[in-house]
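In case you want the letters, here they are:
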Amino acid sequence: MASCTQSFQITLVCIFLFMGLCFAGDPFKFFNFEVSYIEASPLGVPQQVIAINGKFPGPTMNVTTNDNVVVNVKNKLDEELLLHWSGVQQKKTTWQDGLPGTNCPIPSRWNWTYQFQAKDQIGSFFYFPSLHFQRASGGFGGITINNRGEIPIPFDFPYDDITIMIGDWYTRNHTALRNTLLAGKDLGKPDGVLINGKGPYRYNDTIVPDGIDYETITVHPGKTYRIRVSNVGISTSLNFRIQNHNLLLAEAEGSYTVQQNYTSLDIHVGQSYSFLVTMNQNASSDYYIVASARFVNQSQWQRVTGVGILKYTNSKGKAHGPLPEPPQDEFDKTYSMNQARSIRWNVTASGARPNPQGSFRYGSINVTEIYVIQNKPPTMVDGKRRTTLNGISFVNPKTPIRLADKYKLKGVYKLDFPTAPLTGPPKMETSVINGTYRGFMEIILQNNDTKVHTYHMSGYAFFVVGMDYGVWSNSSRGTYNKWDGIARTTTQVFPGAWTAILVSLDNVGVWNLRTENLDSWFLGQETYIRVVNPEPSNKTEMPMPDNALFCGQLSKLQKPQDISSATSIRGNGSKFIFAMLLLVSAIFSVFH
């Protein structure tokens, strides 16, 4: 037996030496996600939710800058599935973005393996299912991309890292909610707000029923924690606060911020922040963690409040008394806009690389393309209740845009998305923005709806350079922040207001631009930006993955055995390393 063990050790060393020679540098991180339905009762009502590996929410993916991330997904739902890695820029790997414009869906009961690199990124993000309104039933979890050890962070290293998912929630599952929208109706007021998939602590006996499981976060007195918070809900802006504790804002979706203290912060749908919170209060009792709806009648929305508990290890009693007050500006959103404007980029901090974040002087670059994109409340288009951008309600093609390009299919989409709102009746089309590779695009998001919208762009971090009420005009550029506007992936646009962003189109691919408000997104409020290198090269885009799925006009190319095993996707080298790791794992289990 000793000789067998010795032989195994020699084999293991040889394998890793060979792998090290071939793939030195960036390590691989492997995840297995089994996506299935489970029954849960987050608000006291049994309902079907979407779990990852039996957990709701799913596990937090903890990786480091430049890690190669391999996620094998087993779809155990009764419908198609795509997972989207919101905020991960997918440098050169648009094929992995997990949206219908770039990927064919994973059929029910099938496996598929994503592989992408957390290239030149740090920060707080989240993943979620992007098809069929599924995010309304769960399937989401956090993504943490840590700095490499040799790159300093602009604050003392925290004692621990905590991920918090907040979001509005309905006791109807995503299928019922989807059918409500397809029937031309509003979803109505949500039934509550969840914190990490759990309902509210019973802070008020008349508002919160007994027996609801609530989130408890246990901390050590005197320690400082990095708390990452994402709004994964459907359409409700939430105010986040921790009773008697300051929130020192440190990072927003991959950019370190100028560090400022907030007693509370508005976190809009799809947005992520991380705070440094020092546990410097006495332990006479626990403290409330609160996520409450914004810009609503508080007396009517009392039941739609998420409440968790911050518990010191030496706590002497339960949290008690009224919840800490939210901002008192139900009908005036100026406070929230000023708060958003106060979030600034830390231009002297290193990002994923050792150079300062602000070394890219976005304010001195000439704009090459300008798009004024206007949304409106839902309207009737071709007899259906739909939402629009610039008068176009987007229709996802049966063949993904990137796949259609690869196979030179005609008529799948049109490169004619208007640079300004169309006149005349709205229409349903697959209309795409034709971006210029290495161009510098200015996008003005004009919100003509009555609620706050947040807009997300895949593939990039854009610079939020301005926001104000009224209608944007050329003279509005005089108010732009051209020095330290935050670079992020999701920005809010207040009703009757505009937000201006700048983005450098240096990432080849087909990238989704959408509202994160799930109901409006589902009804058509999105488009894609197509960025093509006129001189194709593996240096600007990885080849199509060899486990690519086919659908639509290319369905005949799909073979069931193509995805029967969980192989990675960047060609023979990565297949080899993945296979070797599986082999090592199997051998290791034999000898142990």
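Residues numbered from 1 in each chain as written. Predicted model: local features only at pLDDT ≥ 70, side-chain atom pairs only at ≥ 80, totals over all residues. Heavy atoms only, no water.

K.L.:
Please explain the environment of Asn-204 as it appears in this structure.
P.N.:
Note on placement: Asn-204 falls in the loop between β10 (192-195) and β11 (216-219). The spacing of Asn-204 and Asn-111 is 93 residues in sequence and 45 Å in space, taken between C-alpha atoms. A distance of 2.6 Å separates a polar atom in the side chain of Asn-204 from a polar atom in the side chain of Thr-206. (Helix = DSSP H or I, 4+ residues; strand = E, 2+ residues; numbered from the N terminus. Polar contact = N/O pair within 3.5 Å; in protein donor to acceptor, adjacent residues only side chain to side chain.)

K.L.:
Where do I start with the nonpolar core in this structure?
P.N.:
Across soluble globular proteins, you tend to see nonpolar side chains buried next to one another. Core analysis: the largest hydrophobic core is formed by 80 residues, its most contacted members being Ile-164, Ile-166, Ile-227, Phe-240, Phe-275, Leu-310 and Ile-373. With six residues, the single largest contributor to this core is strand β31 (residues 497-504). Both domains that furnish three or more residues to this core are identified here as domain 1 (28-342) and domain 2 (366-531). The residues touching Phe-275, leaving out its near neighbours within four places in the chain, are Tyr-225, Arg-226, Ile-227, Val-229, Phe-240, Leu-247, Leu-248, Leu-249, Ala-250, Leu-265 and Ile-267. Counting 33 residues, the second largest nonpolar core, distinct from the first, contains Trp-112, Ala-118, Phe-125 and Phe-550. (Core = buried A, V, L, I, M, F, W, Y, C linked by side-chain atoms within 4.5 Å. Buried < 20%, exposed > 50% of the residue type's maximum accessible area, 1.4 Å probe, protein only. Domains from an automatic or database assignment. Contact = heavy atoms within 4.5 Å.)

K.L.:
In this structure, what is going on with the UniProt feature "domain: Plastocyanin-like" (unreviewed entry) in the protein? I would like to understand it.
P.N.:
Per the UniProt record, "domain: Plastocyanin-like" (unreviewed entry) is found at residues 35-148, 161-314 and 399-535. Helix makes up 6% of residues 161-314 and strand 45%, with an end-to-end C-alpha separation of 20 Å. This span, residues 399-535, is 8% helix and 41% strand, and a straight line between its end C-alpha atoms measures 24 Å. (UniProt positions renumbered as here; feature names shortened; annotations may be inferred.)

K.L.:
So what exactly am I meant to see when it comes to the sheet that holds strand β8 (residues 141-146) here?
P.N.:
Hydrogen bonds between backbone groups are what pair the strands of a sheet, and the pairing can be parallel or antiparallel. The sheet built from four strands is open, its strands ordered β3-β8-β7-β5 with mixed pairing. On the outer flanks of this sheet lie β3 (61-64) and β5 (83-86), each paired with one strand and no other. Sheet twist, expressed as the mean angle between neighbouring strand axes with direction ignored, is 20°. For β3 and β8, the ladder comprises four bridges, and the chain directions are parallel. Residue pairing across strands places Asn-62 opposite Thr-144, the latter belonging to β8. (Pairing = 2+ DSSP bridges. Axes fitted to C-alpha atoms, helices over the stretch in contact; angles between N-to-C directions.)

K.L.:
I tried to follow the packing of aromatic side chains on my own but got confused; where do I start?
P.N.:
Geometry of an aromatic ring pair is reported as the spacing of the ring centres plus the angle between the planes. Summed over all chains, the structure comprises 29 aromatic pairs. It is Arg-135 that lies over the ring of Phe-128; its NZ or CZ is 4.6 Å from the centre. Lying over the aromatic face of Trp-521, Arg-514 brings its terminal NZ or CZ to 4.4 Å of the ring centre. (Phe/Tyr/Trp six-rings, centres within 6.5 Å; stacked < 30°, edge-to-face > 60°. Lys NZ or Arg CZ within 6 Å of the ring centre and 35° of its normal.)

K.L.:
Would you mind showing me how to read the confidence of the model for the protein here?
P.N.:
Interpretation of this model should avoid reading the predicted coordinates in detail wherever pLDDT is low. Looking at the protein, pLDDT values average 91 and 90% of them are 70 or higher. Contacts from residues 1-24, a stretch scored under 50 in pLDDT, to residues over four places away or in other chains number 21 contacts. In the model, residues 561-592 has pLDDT below 50 throughout and makes 60 contacts with residues more than four positions away in sequence or in other chains. (pLDDT = per-residue confidence, 0-100.)

K.L.:
Is there a simple way to explain helix α2 (residues 174-182) in this structure?
P.N.:
Think of an α-helix as 3.6 residues a turn; residues three or four steps apart then line up on the same face. For α2, the set of buried residues is His-174, Leu-177, Arg-178, Thr-180 and Leu-181. Taken around the axis of α2, the buried residues stretch over an arc of 155°, which confines them to a single face. Summarising the contacts, the buried residues of α2 are in contact with β1 (28-40), β2 (47-52) and α5 (518-522). Positive backbone phi, approximately 85°, marks Gly-184, located one or two places after α2. (Arc of directions from axis to C-beta.)

K.L.:
It is not clear to me how the sheet that holds strand β13 (residues 238-242) should be interpreted in this structure. Could you clarify?
P.N.:
One open sheet accounts for five strands, arranged β11-β19-β18-β13-β16; its pairing is mixed. The open sheet has two edge strands, β11 and β16 (265-267), and neither has a second partner. Adjacent strand axes in the sheet meet at a mean angle of 25° when their direction is disregarded. Relative to β16, β13 runs antiparallel, the two sharing three bridges. Residue pairing for β16: Phe-240 is matched across the bridge by Leu-265.

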